[in-house]
Amino acid sequence: MSLREHVLSLFRSAVGTVRPAPMLKRALKLQGGGCPQLLVNGRAFPLKRDLYLVGFGKAVLGMAAAAEEILGDHLVRGIINVPLGVQESLQRAGMQEMLLKPHSRIQVIEGAKNNLPDPEALRGASAIRELAEGLAVDDLLLVLISGGGSALLPAPIPPILLEEKEKLTKMLASRGAAIQELNTVRKVLSLLKGGGLAHLAYPAQVVSLILSDVIGDPLDIIASGPTAASSHSVQDCLQILAKYNLLRSLPSSVEAVLSSSPTKPAAAGDFSHVYNVIIGSNTLALAEAKHQAEGLGYATLILSAAVCGDVGRVAVLYCQLICLLCLRLAGLGEGPRGSEVRGNLLQLAAELDIPGLNMAEFLQALQGLEPQKPVCILAGGETTVQLQGTGKGGRNQELALRVGLGLHRARGVEASGLGRCDVIFLSGGTDGQDGPTEAAGAFCSPQLVAEALREGLDAETFLSNNDSYAFFSHFQRGRHLLVTGLTGTNVMDIQLILIRATDRS
Ligand SMILES: Nc1ncnc2c1ncn2[C@@H]1O[C@H](COP(=O)(O)OP(=O)(O)OP(=O)(O)O)[C@@H](O)[C@H]1O
Ligand SMILES: O=C(O)[C@H](O)CO
């Protein structure tokens, strides 16, 4: 198999493991018989009375279909809020397994056009709220949560109006607020976020199955943590509003809610009736790909599942890493060039401040890999692109093109080692859609930019207009685009590097 076939198969296996059906089957089991119980990650919850289901998020339809299959007649009723048009697109894509059966007990409400809260999402949130409020002590509420859940579960605290909350969210996002900041504000202004849903469901047992689309898998940030204890207070919210210069332009309704909010977050003890479990994440996807890569004979290491920061700087990090791996395979890793590249990597890691990444330890682990084996490095996370141009692209295609350009330049450096290795780099969105394009991402090699120049395509010109999709669609008629179609899941993005010594026989 070629490197290209390997890299595609590894990406597919990473995504496959966090698809709704396999994920739900791993996490959730039903033990029937006289005293039926639900086993969630091995923990038993007796089904004493009624079992209900609610859910909200972009991947929740497939999760609900898989859950209903497992729960069968034990499920009394369910309500899920999912993105507008998702049933039709899954139908069109032939993904029947992600759709509910005709006589499903789960009601589907579609809303949140363009990932923004709207009256439909509000209607769905009210229905979920009513269901939760009506639960009794021996009931069990299964909650399915995935990315996009914040917009799909709007419940502004009165007198805040939906439009006011939407406007505030939009302003924060357009001023560059990170998801952690955005959701810290959302939690304080909502009846259901920040643990609100879990409170309303009390005294029923609440079990939440969560697909994480946030770096580090923070329970209180993913979909704004409707069943998680919030670690933030109203002061944190005020600080964020001040940072983005919004304190003076707040509607009076928001001011009223902020001034009457409790100053301390709820105690963890208030959540003793709740079991939150992450059933899918970037970390899990990378672990599966690692397992597969080892099976294919690669010496494999995971760099991090939290790679974030400016796409340009992240591209430099990957280029330097590839250069180091090539030097190593060429037996030049310990020379002056190797030391220089290691120094660059330590500096870049410090600058990017990737949560949990210890670059010195990673470099140490690299040295311990079997020297003759081909190498596979896995990573994941979400970069940021500051749009300068008017072109079409996504952060994964932009990253792949930038890495291609960096490797092209590095090939010119004496004793780079790149000429002695076959290299492939892939970056892809696990949801199957990178930005507003039909591709999930793209791959590159050190030869890509030179080959494109021969076709009259200048990578730098495309990059300066954020036009990575146009570049990859034209180059070799799209051969380097990663096209998977919608996958029905989302655990951010994945990057894969495969390197082996060039066969000179
Ligand atoms: N022309 C472009 N070139 C590069 N990146 C782009 C371009 N246009 C949009 N983007 C990036 O694409 C991202 C939005 O796309 P996408 O919907 O895949 O991501 P998202 O909003 O994080 O949603 P999800 O979490 O569901 O993947 C933004 O981060 C934006 O910066
Ligand atoms: O819904 C949200 O808040 C984001 O997708 C993060 O989970």
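Per an unreviewed UniProt entry, the protein goes by Glycerate kinase and derives from Pavo cristatus. Per its UniProt entry, the protein bears the Sequence similarities (unreviewed entry) comment "Belongs to the glycerate kinase type-2 family." The annotation that UniProt attaches to the protein under Catalytic activity (unreviewed entry) is "(R)-glycerate + ATP = (2R)-3-phosphoglycerate + ADP + H(+)".

1. Side note on the site of ligand 1
The local shell around ligand 1 holds 15 residues, among which K58, G391, G393, G435 and N466 are the closest. Separating an oxygen atom of ligand 1 from a backbone N or O atom of Q433 is a distance of 3.2 Å. Its residues assigned to classes, the shell around ligand 1 shows three nonpolar, seven polar and five charged.

2. What to know about the pairing of strand β12 (residues 421-429)
Among the nine residues of β12, eight are classified as buried, and the element is accordingly described as predominantly covered. Bridge count between β12 and strand β15 (residues 493-501): nine bridges; the pairing is antiparallel. Bridge pairing in β15 links S427 to Q495. Here four bridges tie β12 to strand β13 (residues 441-444), and the two strands are oriented antiparallel to one another.

3. Looking at the site of ligand 2
Residues in contact with ligand 2, as listed here, are G147, G148, G149, S150, I179, N183, R186, D213, V214, I222 and A223. Within the backbone of G148, a nitrogen or oxygen atom sits 2.8 Å from an oxygen atom of ligand 2. A223 has a polar backbone atom sitting 2.9 Å from an oxygen atom of ligand 2. For the shell around ligand 2, the secondary-structure elements that each account for two or more residues are α6 (149-152) and α8 (179-188). Among the elements that line the shell around ligand 2, the one with the most residues is α8, at three residues. Split into classes, the residues belonging to the shell around ligand 2 amount to four nonpolar, five polar and two charged. When residues of the shell around ligand 2 are assigned to domains, at least three map to each of domain 1 (19-154 + 192-229 + 267-280) and domain 2 (156-189 + 231-264).

Quick notes on the rules
- Residues numbered from 1 in each chain as written.
- Chains lettered and ligands numbered in written order.
- Predicted model: local features only at pLDDT ≥ 70, side-chain atom pairs only at ≥ 80, totals over all residues.
- Heavy atoms only, no water.
- UniProt positions renumbered as here; feature names shortened; annotations may be inferred.
- Near = heavy atom within 4 Å.
- Polar contact = N/O pair within 3.5 Å; in protein donor to acceptor, adjacent residues only side chain to side chain.
- Nonpolar A, V, L, I, M, F, W, Y, C, P; charged D, E, K, R; others polar.
- Buried < 20%, exposed > 50% of the residue type's maximum accessible area, 1.4 Å probe, protein only.
- Helix = DSSP H or I, 4+ residues; strand = E, 2+ residues; numbered from the N terminus.
- Pairing = 2+ DSSP bridges.
- Domains from an automatic or database assignment.

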